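Here is how the chains run, residue by residue.
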Amino acid sequence: MLQQHLSAEETAASGKVLVAVIDASASHRRQVAQALTPIYRTITFDNADAAIAPLREAPPRAMLVDRSALRLDAYQFIKMLRRQRSFAEVPVIFTDNADEGSVQSAARECGADAYLAKPYRRSSLIRVISRQISKSVERKWETLPSLPRNALVSTLDVFTRISDVMEKGEPIAYATVLTACGPLVEAVGMREYKDILKGVRDHDNYSYAHSVGTATLLLLFGYTIGLKEPDLSLLATGGLLHDVGKLSIPPEVLDKPPASFTAEEHKVMQSHVPLTLQYLERCPDIPKKLLAIAAEHHERLDGSGYPLGLKGGALNELARMASIVDVFCELSEKRTYRPPLDAEQALRVMTVDMAAKLDQKMLGLFREMLLDAGN
Ligand SMILES: [Fe+2]
Ligand SMILES: [Fe+2]
């Protein structure tokens, strides 16, 4: 009746969020669990009634509910879910073996958040689940104070726009990104950044969450060491755009632990730097310093970085700041293949394991900033 698709040890060692799959068909449950396992932790049930009690103990971040698993009609079931605090905010994706139009209208009538008509592609399944998890995070922003809320909404809006235009091969004007980062510059200037960091932590669009997290801490770092405009805005926009090339990297590579990369996958992952530059260089009015942030955030002082293996003095100062913040954010974010490190653990890796790679004097200032901020 109940199947977990990861062992307890695997679960503890991953940063994956839980998705419940409720479907009467054993083969379908198995297929869905298999499709989701690289990205999400799954728990499966063959009928909706049996799912409620165990899920109440550990509510999932999204539920796929198939008509075949329902005793009540779908409307009654979702109404019953919404009355329970544990499930009030869990998105429900209604699935059924019928034509798309009827599944869509059935989903609308029963109050589901989204739908999938069987058979569906793996890519559609993942896209719908990810979007629903992100939307449930975005709904919580509505209760935040206006400065962090505006910063989150405005950066999400422009980041989504960048993803869309990039896919079509169209540039985005720097002025658009600069305007969209205005609320972020203002919020961090007023030291209202904690809600922003918290607001992106559970967002399911990893690229967006990482880019805004990086932009926020980079900006705070800039304010802390006394930088002024236009450098502050440059840090915000540079943080938001520094990894846009990753939007063209296949998710199978992005979600794979780097330690298990083949030589080819290493190359693909590292290609996000030239891909970012190729795109940004076509965008009107992108400042040279922003291009340096994007170009050099993976370069390391000892020459071990990529893409050029630049050394010490050759590295731009804003790019040195960006590499410190970028590494810190990477380590403190949860990934599908590992849980996040806390701030102390991340700083230890950066001072001990990466002593020759990062500007340690600058890292000292960054550490002080985090201590002052109480992180
Ligand atoms: Fe990067
Ligand atoms: Fe990055």
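Note that the coordinates shown come from a computational prediction; the quantities given were computed from them, not determined experimentally.

Asker: I'd love a proper account of the coordination of the iron ion (ligand 1), names of residues and values included.
Answerer: At 2.1 to 2.2 Å from the iron ion (ligand 1) lie its protein donor atoms, namely Asp 243 (OD), His 272 (NE2), His 297 (NE2) and His 298 (NE2). Seen from the iron ion (ligand 1), its 4 donor atoms lie at angles of 86 to 174 degrees, and the figure they make is irregular. Coordination of the iron ion (ligand 1) draws on donor residues from a single chain, spaced D-x28-H-x24-H-H in sequence. Between the iron ion (ligand 1) and the iron ion (ligand 2), both coordinated by Asp 243, there is a metal-metal distance of 3.6 Å. A single burial state applies to His 297 and to His 298, both of which are buried.

Asker: Can you lay out helix H11 (residues 231-241) for me, pointing to particular residues and giving the numbers?
Answerer: Side chains that are three or four residues apart share a direction in an α-helix, a result of its 3.6 residues per turn. Most of H11 is tucked away: 11 of the 11 residues are buried. Buried within H11 we find Asp 231, Leu 232, Ser 233, Leu 234, Leu 235, Ala 236, Thr 237, Gly 238, Gly 239, Leu 240 and Leu 241. Residues of H11 that are buried in the fold lie against helix H7 (146-167), helix H8 (174-189), helix H10 (206-224), helix H14 (272-281), helix H15 (288-296) and helix H16 (317-332).

Asker: Give a detailed account of the confidence of the model for the chain, specifying residues and quantitative values.
Answerer: Looking at the chain, pLDDT values average 92 and 96% of them are 70 or higher. Long-range and interchain partners of residues 1-12, a stretch whose pLDDT sits below 50, account for 25 contacts in this model, where long-range means more than four residues apart.

Asker: Can you break down the domain arrangement of the chain residue by residue, with the values?
Answerer: Each assigned domain of the chain is listed with its residue range as follows: domain 1 (2-137) and domain 2 (144-373). Each side of the interface is counted separately: domain 1 has 14 residues, and domain 2 has 12 residues. Carbon and sulfur atoms make up 52% of the surface buried where domain 1 meets domain 2, a total of about 950 Å² over both sides. On the domain 1 side of the contact with domain 2, Gly 15, Ser 134 and Val 137 bury the most area, a combined 41% of that side's loss. There are 0 salt bridges connecting domain 1 and domain 2. Our count for the contact surface shared by domain 1 and domain 2 stands at 5 residue pairs in polar contact (both at pLDDT 80 or more). The element that contributes the greatest number of residues to the side of domain 1 that touches domain 2 is helix H6 (residues 122-141), accounting for 4 residues.

Asker: Lay out the packing of aromatic side chains in plain terms, naming residues and giving numbers.
Answerer: Any aromatic ring pair is given by two values, namely how distant the centres are and how the planes are angled relative to each other. Enumeration over the complete set of coordinates arrives at 4 aromatic pairs. With a centroid separation of 5.3 Å and an interplanar angle of 75 degrees, the aromatic rings of Phe 328 and Phe 366 are classed as edge-to-face. One end of the pair, Phe 328, is in helix H16; the other, Phe 366, is in helix H18 (residues 360-373), and 38 residues separate them in sequence. Feature note: the residues Trp 141, Phe 159 and Tyr 208 constitute an aromatic cluster, connected by ring pairs. Lying across the ring of Tyr 206, Arg 335 places its NZ or CZ 3.6 Å from the centre.

Asker: For the environment of Thr 143, give the residues involved together with the corresponding values.
Answerer: Tracing the sequence through the fold places Thr 143 in the loop between H6 and H7. Residue class for Thr 143 comes out exposed when judged on its relative accessible area of 71%. Among the polar contacts made by the side chain of Thr 143, one reaches the main-chain carbonyl oxygen of Lys 140 at a distance of 2.8 Å.

Asker: Give a description of the environment of Pro 145 that names residues and reports values.
Answerer: Counting through the fold element by element, Pro 145 comes out in the loop between H6 and H7. Using a relative accessible area of 41% as the deciding quantity, one classes Pro 145 as partly exposed. C-alpha separation for the pair Pro 145 and Asp 195, spaced 50 residues apart in sequence, amounts to 8.6 Å. Sequence-distant contacts of Pro 145, defined by excluding residues within four places in its chain, comprise Glu 192 and Asp 195.

Asker: Which residues make up the pattern of salt bridges, and what are the values?
Answerer: With the rule as written, the count across this model stands at 17 salt bridges. Note that Asp 23 is salt-bridged to Lys 118, the shortest N-O span being 2.8 Å. Placement of the pair is Asp 23 in the loop between strand S2 (18-22) and helix H2 (26-36) and Lys 118 in the loop between strand S6 (114-117) and H6, with a sequence separation of 95 residues. Exposure class is identical for Asp 23 and Lys 118. Each is buried. A salt bridge links Lys 246 to Asp 243, with the nearest nitrogen and oxygen atoms 3.5 Å apart. Among the ionic contacts, a cluster of salt bridges with common partners joins Asp 23, Asp 66 and Lys 118.

Conventions we followed
Residues numbered from 1 in each chain as written. Chains lettered and ligands numbered in written order. Predicted model: local features only at pLDDT ≥ 70, side-chain atom pairs only at ≥ 80, totals over all residues. Heavy atoms only, no water. Donors = N, O, S within 2.8 Å, 3.2 Å for Na, K, Ca; no water. Tetrahedral: all angles 85-135°; square planar, octahedral: opposite > 155°, others 65-115°. Buried < 20%, exposed > 50% of the residue type's maximum accessible area, 1.4 Å probe, protein only. Helix = DSSP H or I, 4+ residues; strand = E, 2+ residues; numbered from the N terminus. Contact = heavy atoms within 4.5 Å. pLDDT = per-residue confidence, 0-100. Domains from an automatic or database assignment. Buried area = accessible area lost by both parts, 1.4 Å probe. Salt bridge = Lys/Arg side-chain N within 4 Å of Asp/Glu carboxyl O. Polar contact = N/O pair within 3.5 Å; in protein donor to acceptor, adjacent residues only side chain to side chain. Phe/Tyr/Trp six-rings, centres within 6.5 Å; stacked < 30°, edge-to-face > 60°. Lys NZ or Arg CZ within 6 Å of the ring centre and 35° of its normal.

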